[in-house]
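# Descriptive structure summary
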Amino acid sequence: MYLTNLECAACERGHPPGRLHNLCESCGMPLLARYDLDAAGAALAKTSLATRPANLWRYRELLPVADPAAVVTLGEGYTPLLRADRLGARLGLANLYVKDEALNPTGTFKARGMAVAVSMARQLGATELAVPSAGNAGGALAAYAARAGLSAHVFMPRDTPRANVVECERAGARITLVDGLISDCARLVAEYCGNGGGFDVSTLREPYRVEGKKTMGFELAEQLGWRLPDVVVYPTGGGTGLVGMWKAFDELAQLGWIDGYRPRMVAVQADGCAPIVTAFLAGATHATEVVGATTVASGLRVPRAIGDFIMLDVLRRSGGTAIAVSDPELLAAVAELDRLEGIFPAPEGAACVPAVRKLVANGEIGADEIVVIFNTGSGLKYL
Ligand SMILES: *Cc1c(COP(=O)(O)O)cnc(C)c1O
Ligand SMILES: [Zn+2]
């Protein structure tokens, strides 16, 4: 509706949004959606949100889908922001919250990105969609493609959690199991789509998944009464949520709905695959691909991310940090979060708990700060 341009995150070249795009035609970097925010702000008052449905389409003026009839939805978004007082007390924090993304369709926040990407792909005439996935993106694509009547082809590592393979199968997606990691799957998808196999909806190679994920940033602001927390702790693979939330904060500030205050953004990774942590600590602007990546938190097993430079920039500009935790630490935190709060988290979300514990211990998070950790999915997908 108010989408005006797709702008390259690196060279700023514009691309007309009226047709399908992947990366920048000049430099091969991700494209980001730009809106006429003055017009969007004139059409939408933040007070009118209160009467809208509790899903991410409540922010439709700030999303790319022009035609409401083109929206493919399973009710994604507007997940609860839960106070976590018992876990907070254990960690020495007076104001800890969990944004519980497990309540999304398909059990993870991948639903947000796929709802918007599949809606746009259908609006722009794509019929076959392909994606490399560590698991949950494939499950979400399979579900939304089924609902849209489009075909999906998911390329996943052979050792992806069983639930992800089953959910893709049941939704009628084609599945290619790959002896390798998501980065190997990504190369296969690029080749497959280059040979006419379909439209590549890899995160940040497709411009609208990040638009779906940015709604987590809108929700944080709205649920906290149009102020942002002090610290946002995010389990990071491809980094789409980090990039998206930061973009959302900028858009809200341009609308005049929030002031200039920004949270410190914290990227959490696993010891066995921590390219962003390594690059952050080294002061690098890009990350180096991890060889032999291993972690039980399959969504964090992303050896290389095309949006690495955007993530690193967000972490630095926010005054945040990046931190890795071990698999035993994050697995122990699955049970800790469930016993203390009744939230059975995905191992990726649980990884935020030991990360926060370390940052409190070394003084990087203060006892009274408002801290939000993201539980990005349900533990039920990892039985
Ligand atoms: C994909 C995924 C992540 C990582 O998300 P990004 O936005 O790609 O960094 C974290 N947790 C779960 C459960 C995931 O499926
Ligand atoms: Zn470019």
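See the structure above.
Rules and cut-offs
Residues numbered from 1 in each chain as written. Chains lettered and ligands numbered in written order. Predicted model: local features only at pLDDT ≥ 70, side-chain atom pairs only at ≥ 80, totals over all residues. Heavy atoms only, no water. Donors = N, O, S within 2.8 Å, 3.2 Å for Na, K, Ca; no water. Tetrahedral: all angles 85-135°; square planar, octahedral: opposite > 155°, others 65-115°. Buried < 20%, exposed > 50% of the residue type's maximum accessible area, 1.4 Å probe, protein only. Helix = DSSP H or I, 4+ residues; strand = E, 2+ residues; numbered from the N terminus. Contact = heavy atoms within 4.5 Å. Near = heavy atom within 4 Å. Polar contact = N/O pair within 3.5 Å; in protein donor to acceptor, adjacent residues only side chain to side chain. Areas by Shrake-Rupley, 256 points an atom, 1.4 Å probe, with all protein chains shown as cover. Salt bridge = Lys/Arg side-chain N within 4 Å of Asp/Glu carboxyl O. Pairing = 2+ DSSP bridges. Axes fitted to C-alpha atoms, helices over the stretch in contact; angles between N-to-C directions. Parallel < 35°, antiparallel > 145°, perpendicular 65-115°, else oblique. Left-handed = near helix turned anticlockwise from the far one by under 90°.

## Some details on the coordination of the zinc ion (ligand 2)
Summarising the metal site, the zinc ion (ligand 2) is bound by the protein donors Cys 8 (SG), Cys 11 (SG), Cys 24 (SG) and Cys 27 (SG), whose distances to it range over 2.2 to 2.3 Å. Taken together, the four donor atoms surrounding the zinc ion (ligand 2) define angles of 98 to 118 degrees at the centre, an arrangement classified as tetrahedral. Its relative accessible area of 36% is what places Cys 11 among the partly exposed residues.

## Considerations on the environment of Ala 248
Among the secondary structure elements, Ala 248 is positioned in helix α8 (residues 240–255). Taking the relative accessible area as the measure of exposure, Ala 248 reaches 0% and is therefore buried. Discounting residues that sit within four places of it in the chain, Ala 248 has contacts with Lys 214, Gly 217 and Phe 218.

## Focus: the site of ligand 1
Around ligand 1, 16 residues are found, and the nearest of them are Lys 110, Tyr 234, Gly 237, Gly 239 and Thr 376. Measuring from an oxygen atom of ligand 1, one finds a side-chain N or O atom of Asn 136 at 2.9 Å. Taking Lys 213, its side chain carries an N or O atom lying 2.8 Å from an oxygen atom of ligand 1. Coverage of ligand 1 by the protein amounts to 96% of the 390 Å² it exposes when considered alone. Mapped by element, the contributors of at least two residues to the shell around ligand 1 are β10 (231–235) and α8.

## Quick word on the pattern of salt bridges
For the structure on display, the rule yields 26 salt bridges. Close ionic contact of Glu 336 with Arg 90 constitutes a salt bridge, the shortest N to O distance being 3.4 Å. Here the residue Glu 336 occupies a position in helix α11 (residues 327–341), and Arg 90 occupies one in helix α2 (residues 85–91), the gap between them amounting to 246 residues. A salt bridge links Arg 262 to Asp 250; its shortest N-O distance comes to 3.4 Å. Of this pair, Arg 262 sits in the loop between α8 and β11 (264–270) while Asp 250 sits in helix α8, placing them twelve residues apart in sequence.

## Describing the sheet that holds strand β8 (residues 174–178)
Ordered in space as β8-β7-β6-β9, the four strands form an open sheet in which the pairing is parallel. Every interior strand has two partners, whereas the edge strands, β8 and β9 (199–200), have only one.

## Focus: the side chain of Ser 119
If you trace the backbone, Ser 119 turns up in helix α3 (residues 110–123). Here the side chain of Ser 119 touches Val 72 through a polar contact of 2.8 Å, landing on its backbone nitrogen. Each residue touching Ser 119, except ones within four places of it in the same chain, is listed here: Trp 57, Val 65, Ala 70, Val 71, Val 72 and Met 114.

## Side note on the packing of α8 against helix α10 (residues 308–317)
Where α8 meets α10, the axes come as close as 9 Å, and the angle between the chain directions of the two elements is 55 degrees. Looking at the two axes, α8 sits oblique to α10. Where α8 crosses over α10, the two elements pack in a sense that is left-handed. Of the residues in α10, those in contact with Leu 242, Val 243 and Trp 246 of α8 are Ile 310, Met 311, Val 314, Leu 315 and Arg 317.

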